[in-house]
Every structure is written in structure tokens, then in C-alpha cells.
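# Fold and geometry: a report
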Amino acid sequence: VTTRLDQVGNSEGALSNRNMVLNGSMAVAQRATSVTGLGGNADAYNTLDRFKLSAEGSMAGRLTMSKTADGPNGISANCLKLDCTTADTSIAAGEALILSTYLEGQNVQRLGKGIAGAKQSVISFYVKASSSLTFAIELFDGDNARHIVKLFTATTGWNRIEFNIPADEDDGSSALDDDNAASLYINFWLHGGSTFTGGTLATAWANKTNNNTRAAGIDSFFSSTDNNFFLTGLQFELGTATPFEHISYGDQLQKCQRYFFKLEGVHNARLGIGGYVVGATEARFDFILPVSMRAVPTLSGSGTASFDASTDSADFTITNMVINSPPAGTITGLGLQIATSGMVAGQAGGLRLRNAGSSLTLDSEL
């Protein structure tokens, strides 16, 4: 029996790898499963991988962001939850709360956007809230400063929202950059001042000449401490909407590690990273990454580690470690270097995290 792709709802792409969003099932949370006190004027990845929370303007509102086991049955056991903990009813013009995921230009070339033959696409997602609240979803082309926006209403039960996006040929010569930088942004507008909520919503592709076409008509997530927002099953694909694409946790984790990778310590955990001492205060390690990272990552960490040698060892704080930057090209391995004291030149050994809670992170996020 031969089944055409259009018989299953999508004539534009393959049945697998059709979702351009990573971690749309909200399963992977390498950084943390819950973070409190978010808001103010911050722009960061906090909990769930690939989902960034941007709070613009010095707003009074605060929230908790978490990975929560409350997803719709048959779609995902998990969802992203935002819980308003401090309300903000005096909204300044420049305030905005945006939940986003960024897509590399080289991963969205299938859209053919900005040139002749561009293709239509669709964003779908499952959403609910503590009460009926209206928000906006925006697809923003950062390479050409163009966007299209749709209002949606979240109710107290899970609903699937579909955002059908027409082909955008623009001027016929405005292709998305074919590189590892951010080209498309999927933005959920959850709160905004008059700078963003005035004017007329850009419900068709338009050049972003000012901000007040981006969130006109939305409610404020910070209107009450009773407000919650839940999101999962986010999918971006060519053509028309198809059922949510289920991907194994292992595959999702590996894809997320292109942008962020974390090693966590338990007491005296050995990491399997071998090294050698080049002087009394310097040791070097060769670290093979589980996947090729998007770019040379930023190294950070916390807690205490040690260089563990056969006859001696030296403790150091994670912050004493640096990356010896690899040459340009695919980032599959790194040279790590520590500066401390008490080591013996010529010794071989390994890297060990000394205490629970210690961690080593590599970050190459968009």
C-alpha cells in the first residue's frame, strides 16, 4: 500500500524530522526544573532547554518558571509552566514579557523564505491558563526585520492552536542567512506596555517599522498572582499542521546539547576526562564533546573540582578552568586548562568533581 504525504495532512515534508522546534515536548531541562523570582529586566535561558525568557523594562512583575508534569495526555507528560508570583498593574510603556525559541538559519532553509518559491508553514502548540487570557504568537525574521503575528486565547483546558503562515517572498532577494546564527524567532508575547500593544497587529507579513504592531490586543500575564500559563507540543513545519512529532528523550537531549551541555557532580565523581600537568600551577585536558556544539562555548561552573593524579592531587574551584579555543570549524572537542597549585609537572591524571552540586557547563546558545 502506498500512502502519499498529502494523505496524512502534509504535502510539503517528510513524516520524520518535520518539526523545526527543538524540545517542543518540554522534556529536557539541563539547567534546572524550576527557577523563582524571574522578571525585572532580564534576558536568559532559565529552565527548559531552548526556551528563553525575556523581560524588558524594569517591571515590577515576577514569576516562577518550571518544567511541570501536567501535559495533555497523548502529547507530552511535560509542559512549561509560568506562575505569576508578583503582579504588575502599573505597566510602563517599554515593558514586555516574551517567551521565545530561536532557530538557526541553516536549519530553516526548507522554507525558501524571502525569495521566489517560498513555502507556507504552520506553527501549532498546546496551551492552557488559569483563566481565559489572550496572548500573541509572533514569527519574527531577524535577518530581514519582518514578522507576522496571531492572537490566541488560552483557557483552563488544553487546546491546540494552529498559526497558519503564508509564504513570504518579500522582495525576492531576502533569503534567510544560511549559517549558525539566529534567523527565525518564535515569540510568545505575554505582557507588554503601550510601545508594543498600541497600533494594529501585523496579521500578515510586514516589515517591522515600529514595535506597536507586535502585541496589540494581548492581556497581561502579570495582571494577577492567580495567573498561570502552560505550554507544550510546540511544532513548526512546512505546509499544514500534522500531529505532534514524538521524539525520544535521548534524541532531544542530544539535539539540545548542541547549545548547552552540563556535567553535574556527586561526591568525588570521576568524569572520565584525562589530563596531564605541564607545570606546578597548570594542567590540561582534552575533552571530547557528546555532540558538535553550535559555536565555541562559554565555560562556567560552580563548586570544587580536583586534578586527580597517581601520587598527588590539587583542588581548585571550577572558575579556575578555561577553554583553549579550538580552530574555526566543527566544535567536537575542546582543550580545557586549569590554574591552581600543588601539582607536579609530568603527572597524568583526571578531572574529578569533589562535591554534590558542583557543575561544569558549556554554553553556545543563540
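For the structure, see preceding data.
So, here's what we can say about the structure.

Scoring rules and cut-offs
- Residues numbered from 1 in each chain as written.
- Predicted model: local features only at pLDDT ≥ 70, side-chain atom pairs only at ≥ 80, totals over all residues.
- Heavy atoms only, no water.
- Helix = DSSP H or I, 4+ residues; strand = E, 2+ residues; numbered from the N terminus.
- Rg over C-alpha atoms; globule rule 2.2 N^0.38 Å.
- Buried < 20%, exposed > 50% of the residue type's maximum accessible area, 1.4 Å probe, protein only.
- Contact = heavy atoms within 4.5 Å.
- Areas by Shrake-Rupley, 256 points an atom, 1.4 Å probe, with all protein chains shown as cover.
- Lys, Arg positive; Asp, Glu negative; His and termini not counted.
- Charge placed at Lys NZ, Arg CZ, Asp CG, Glu CD.
- Polar contact = N/O pair within 3.5 Å; in protein donor to acceptor, adjacent residues only side chain to side chain.
- Phe/Tyr/Trp six-rings, centres within 6.5 Å; stacked < 30°, edge-to-face > 60°.
- Lys NZ or Arg CZ within 6 Å of the ring centre and 35° of its normal.
- Pairing = 2+ DSSP bridges.

### Brief notes about the overall build of the protein
On a plain count of helices and strands, the protein comes out with 2 helices and 23 strands. Whereas a compact globule of 366 residues would reach a radius of gyration of roughly 21 Å, the protein reaches 23 Å, a difference of no more than 12%. Dimensions along the principal axes, computed over C-alpha positions, put the protein at roughly 70 × 55 × 40 Å. For the protein, buried positions account for 50% of its 366 residues. A separation of at least 24 residues holds for 76% of the contacts in the protein among residues at least 6 apart in sequence. As presented, the protein carries roughly 14,900 Å² of accessible surface, and 47% of it is formed by carbon and sulfur atoms. Taking the average location of the 25 positive side-chain charges in the protein and that of its 34 negative ones, the two points are 4 Å from each other.

### Comments concerning the environment of Asp 308
Summarising the element assignment, Asp 308 is placed in strand β18 (residues 304-309). For Asp 308 and Arg 352, which are 44 residues apart along the polypeptide, the C-alpha to C-alpha distance reads 6.7 Å. Ignoring any residue separated from it by four or fewer positions in sequence, one finds Asp 308 in contact with Arg 270, Ser 313, Ala 348, Gly 349, Gly 350 and Arg 352. Of note is the side chain of Asp 308, whose polar atom sits 2.7 Å from the side chain of Arg 352.

### Some words on the packing of aromatic side chains
Scanning all chains against the criterion turns up 12 aromatic pairs. Ring geometry for Trp 158 and Phe 230: centres 6.4 Å apart, planes at 70°, overall edge-to-face. Linking Trp 158 in the loop between β9 (146-154) and β10 (159-165) with Phe 230 in strand β13 (residues 228-238), this pair joins segments that are 72 residues apart in sequence. The ring of Tyr 259 is capped by Arg 50, whose NZ or CZ atom sits 3.8 Å from the centre of that ring.

### Thoughts on the pairing of strand β5 (residues 79-86)
Note: strand β4 (residues 62-68) against β5, 7 bridges, orientation antiparallel. For Thr 64, the partnering residue across the bridge sits in β5 and is Asp 83. Of the pairings in the sheet, the one linking β5 to β13 comprises 4 bridges and is antiparallel in character. Counterpart to Lys 81 in the pairing with β13 is Phe 230.

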